[in-house]
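Each chain is listed here by its residues.
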Amino acid sequence: MPARRLRAWTGDFLTRHPGCRAEAAGHGFTLTAPDGAWARVESLLPPADAGPWPAAGDPPDRAASALVAHLDAEREVGVLLVRRGGYGVGRLRGDRFAATKVGGRYVQGRTAAGGWSQHRFARRRDNQTAALVAACVEVAARLLAVDPLPEVLVTGGDRTLADRALVDPALARLAALPRGGHLPVGDPREAVLRAVPGLLRSARVTVHDPWAAPRRA
């Protein structure tokens, strides 16, 4: 949910579920109503050291306002997206990229062949994946793992490949940064990378009421 809609949405939830209380939780807050309904509102980014954040004891409207201020704050974020066949790396300042780079390496799909052929294809695929990760590491080291470091790191795509890139010694300082949420993005083309600022300016909302299945916004 875009930050600009969050206050109005919170007001609607409070109207429909009177008596709500708010509790700081995870990367956001939870609204709990006496009728059994609840809503979890979360940012993809962790709180800044001295930035706005929902506090214990905040009434629901104040918790929502604090989270909106957090979502609107200017942060410097390192973005590392990788999936088999491609990667996207960017240094985000506020809602604009100061630097980006996307690239690709061919990674063969799985094969139904058996025996030695299957082993040969598996080795080739592993080598292609290693080349992809190495290319991603080289770009991330050049764009992100340099002074001044970003405040926070966000990854996306294939979590296993992102973690594999971040264990490379060249990215040790980057891997030690506070980590935001992992983005479930598709192939990291330029358009996918450019959509990341909008995602980081939005909240994840999970709603439950006793008479309906949980839903996310």
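From a predicted model like this one, the values you see are computed outputs, not experimental measurements.

I'd like a description of the nonpolar core, backed by residues and values.
Among the nonpolar cores identified, the biggest contains 22 residues, and Leu80, Val82, Tyr87, Val89, Leu171 and Leu174 are the most heavily contacted of them. Only strand 4 (76–83), strand 5 (86–93), helix 3 (115–143) and helix 4 (159–166) provide two or more residues apiece to this core. Met1, Phe29, Ala39 and Ala203 belong to the second largest nonpolar core, which has 21 residues in total.

Explain unusual backbone geometry residue by residue, including any values.
Cis geometry marks the peptide bond from Asp147 to Pro148, where omega comes out at -10 degrees. Inspection of the secondary structure assignment puts Pro148 in the loop between helix 3 and strand 7 (152–157).

Which residues make up the pattern of salt bridges, and what values do they have?
The full count for this structure, using the stated rule, is 10 salt bridges. Its salt-bridge partner being Arg201, residue Glu74 comes within 3.3 Å of it at the nearest N-O pair. Of this pair, Glu74 sits in the loop between helix 2 (60–72) and strand 4 while Arg201 is found in the loop between helix 7 (196–200) and strand 8 (203–209), placing the two residues 127 residues apart along the sequence. On the accessibility criterion, Glu74 (58% relative accessible area) is exposed. Residue class for Arg201 comes out buried when judged on its relative accessible area of 16%. The partner of Glu76 in a salt bridge is Arg93, with the nearest N and O atoms 3.1 Å apart.

Which residues make up the environment of Asp58, and what values do they have?
Mapped onto the secondary structure, Asp58 falls in the loop between strand 3 (38–43) and helix 2. For the pair Asp58 and Glu23, spaced 35 residues apart in the sequence, the C-alpha separation amounts to 7.6 Å. Apart from residues no more than four positions distant in its own chain, Asp58 is found in contact with Ala22, Trp53 and Ala63. A polar contact is formed between the side chain of Asp58 and the backbone nitrogen of Ala55, at a distance of 2.9 Å.

Describe in detail helix 2, supporting the description with residues and values.
With 13 residues, helix 2 extends 18 Å between its outermost C-alpha atoms, agreeing within 8% with the 18 Å of an ideal straight helix rising 1.5 Å per residue. For helix 2, the complete set of buried residues consists of Pro60, Ala63, Ala64, Ala66, Leu67, Val68, His70 and Leu71. Buried residues belonging to helix 2 abut helix 1 (3–16), strand 1 (21–25), strand 2 (28–32), strand 3, helix 7 and strand 8.

Which residues make up the sheet that holds strand 6 (residues 96–103), and what values go with them?
With respect to topology, 4 strands assemble into an open sheet ordered 6-5-4-7, the strand pairing being mixed. Edge positions in the open sheet fall to strand 6 and strand 7, since each of these has one partner strand only. Put simply, the sheet's adjacent strands are angled 15 degrees from each other on average, direction ignored. With 6 bridges connecting them, strand 4 and strand 7 associate as parallel partners. Bridge pairing links Val77 to Val152 in strand 7. With respect to the sheet, helix 4 is in contact with strand 4 and strand 7, its orientation differing from that of strand 4 by roughly 120 degrees.

Definitions and cut-offs
Residues numbered from 1 in each chain as written. Predicted model: local features only at pLDDT ≥ 70, side-chain atom pairs only at ≥ 80, totals over all residues. Heavy atoms only, no water. Core = buried A, V, L, I, M, F, W, Y, C linked by side-chain atoms within 4.5 Å. Buried < 20%, exposed > 50% of the residue type's maximum accessible area, 1.4 Å probe, protein only. Helix = DSSP H or I, 4+ residues; strand = E, 2+ residues; numbered from the N terminus. Salt bridge = Lys/Arg side-chain N within 4 Å of Asp/Glu carboxyl O. Contact = heavy atoms within 4.5 Å. Polar contact = N/O pair within 3.5 Å; in protein donor to acceptor, adjacent residues only side chain to side chain. Expected span 1.5 Å × (residues − 1). Pairing = 2+ DSSP bridges. Axes fitted to C-alpha atoms, helices over the stretch in contact; angles between N-to-C directions.

Coordinates in, geometry out; function isn't part of it.
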